[in-house]
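# Survey of secondary and tertiary structure
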Amino acid sequence: MVASKQYPKKYGEGFSEWFDWIISEAEIYDYGRYPVKGVGIWLPYGFQIRKRVIEIIRSLLDEKGHEEILLPLLIPETLFRKESEHVRGFEGEVFWITKSGLEDIDVKLALRPTSETAISYMESLWIKSYRQLPKKYYQIVSVFRCETKMTKPMVRVREITTFKEAHTVHEDFEDSERQIAEAIEIYKKFFDLLGIPYIISRRPQWDKFAGALYTIAFDTIFPDKKAVQIGTVHNLGQTFTRVFDVKIQKRDETIDYAWQTSYGISERVIASVIAFHSDDKGLILPPNIAPYQVVIVPIYQQESKEKIIEYCRKIAEMLRESGIRVYEDYRDNLRPVDKFFEWELKGVPIRIEIGLRELSNNVVTIFRRDTMKRDVVAINQLTEKIRVLLNEIFENLSNRAWKELLSNVKLFNNFDEAVNFVKEGGGVAILPWCGNEKCVYSKLEGLEGISALGEVYKDSLNMLKINEKANEYRSCAFCDRQTRAFISIAKKY
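Report follows, based on the coordinates. Bear in mind the structure is a predicted one, so any value in this text is a computation, not a measurement.

### Some words on the overall build of the chain
Within the chain, the regular secondary structure consists of 15 helices and 25 strands. Its C-alpha atoms give the chain a radius of gyration of 25 Å, near enough to 23 Å, the size a compact globule of 493 residues would have. Overall, the C-alpha framework of the chain stretches about 80 × 60 × 50 Å when taken along its three principal axes. Evaluated residue by residue, the chain yields a buried proportion of 57% over its 493 residues. Long-range pairs, those at least 24 residues apart, make up 70% of the contacts in the chain between residues at least 6 apart in sequence. Accessible surface, the chain: about 22300 Å² in total, of which carbon and sulfur atoms supply 48%.

If you want it as structure tokens, here you go:
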């Protein structure tokens, strides 16, 4: 598809329009045209991006001893309703199957909104002893939630098509806490490998995962200055193992209920890649997940066509032999300039332009999508130059993304000033806090559209350079008691 030269604007109020435009024009995701609300279709180019993102998280989990499984999509109502807090948390979002053909079925079946109930039931059959622990399972599947708010592609959908959920089992609380720490490190590495900046926080109890002891969340900030939850880690304690009778023999030969954790991500991760690594002209894909790292565009007159294409193929083969993903664009129905617009829109990190001048001088012209700058490189230096540039592009994208996030986070000592900052579209406000959730809830209860993201994690305080100023903020911004932590507030999706 040839991109128009009239682009929606990425920042400010135009972000939603820009996002819809880019996923459509770059042929990533077809949303809103299939006749079911809140579902989208991954197009071939977008599917390749999704595939490479999945490969990264799968590799990170496998390295830490996680085992991939595939649980049933259907959960019987009798199973789903066993844990009351969990049911209350998801009941309004569940899709139910009530008929088989023309007949009502005896037990309603839920399309899984998440799999804690299903996996816990099976673990009661699989796991009997501490010798089998810790056990770490994960699956990458679709889950279904009847999103009642305004749906948005990849961010608020009714079929979440890229749901990675991990479920782990442990002998005791201490080992489950160790697993929480491991999960956080996995996610940090995952988001770092995608160049996505994040804030880690412990969710308030009123906003934790239904059935969990507590929830740790990763949030980022989109160009419209709203916070987006991109990953969660839950310590489930013994909530589900008590309900489903997941008992184990411990080292001291006593019998007790096992401890569990779970953690998940979704296609919001890919939405974040698009939101950060892009500009008004389209995507700028990190090289490690780009379907093509290099696109070659020949520029020729009819009399030079054969020689230039032969030269292009020679270069493409050389790059492929060194493991670089290359696309050769030999379409005759588009002018080179139209191809430039299209590949800039699709975010290919490097474009190689080859015309008669390049052929005559045994060189190529390289165009970097992130800086929009050209350079001329000799053929005998090309492979090494491309490798260096791909690394430079990733570092540049990551650094720009972190700079963008940090510019939208501000530390306040005054609650009213923080609220005004968020209301006016400033981003995330961080405030000193006594640690009592009641004082936060009472202040935010009447403020429509502003939410507490939670207590900011130590790693994020260091990244945001909040710890450097901690001594200056000794009183809680909500109640004037002594500061014990920092909490963030924002508008969020």
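Once the structure has been displayed, the description carries forward.
### Some points on the side chain of E116
In this fold, E116 is placed in helix α5 (residues 116-126). Buried charge E116 goes without a salt bridge, the closest partner of opposite sign being R145 at 6.7 Å. Reaching out from E116, the side chain makes a polar contact with the side chain of T114 at a distance of 2.7 Å. Apart from the residues within four sequence positions on either side, E116 is in contact with H86, H167, F209, L236, F240 and S262.

### Some details on the environment of P153
For P153, the location among the structural elements is in the loop between β7 (135-144) and β8 (159-170). Along the chain, P153 and C434 lie 281 residues apart, while their C-alpha atoms are 38 Å from each other. Ignoring sequence-local partners within four residues, the contact set of P153 consists of F19, D20, I23, Y29 and Y31.

### Quick look at the pattern of salt bridges
With the rule as written, the count across this model stands at 36 salt bridges. With its nearest N and O atoms 2.9 Å apart, the salt bridge here joins E147 to R156. Judged by its relative accessible area of 14%, E147 is buried. Looking at R156, the relative accessible area reads 15%, which means it is buried. A salt bridge links K247 to D245; the shortest N-O distance between them is 3.8 Å. K247 sits in the partly exposed class, given a relative accessible area of 37%. Look at the salt bridges and you will find they share partners, linking E27, D329, R331, K339, E342 and K346 into a network.

Each value, and the rule that gives it
Residues numbered from 1 in each chain as written. Predicted model: local features only at pLDDT ≥ 70, side-chain atom pairs only at ≥ 80, totals over all residues. Heavy atoms only, no water. Helix = DSSP H or I, 4+ residues; strand = E, 2+ residues; numbered from the N terminus. Rg over C-alpha atoms; globule rule 2.2 N^0.38 Å. Buried < 20%, exposed > 50% of the residue type's maximum accessible area, 1.4 Å probe, protein only. Contact = heavy atoms within 4.5 Å. Areas by Shrake-Rupley, 256 points an atom, 1.4 Å probe, with all protein chains shown as cover. Lys, Arg positive; Asp, Glu negative; His and termini not counted. Salt bridge = Lys/Arg side-chain N within 4 Å of Asp/Glu carboxyl O. Polar contact = N/O pair within 3.5 Å; in protein donor to acceptor, adjacent residues only side chain to side chain.

These results come straight from atomic positions and should not be treated as a statement about function.
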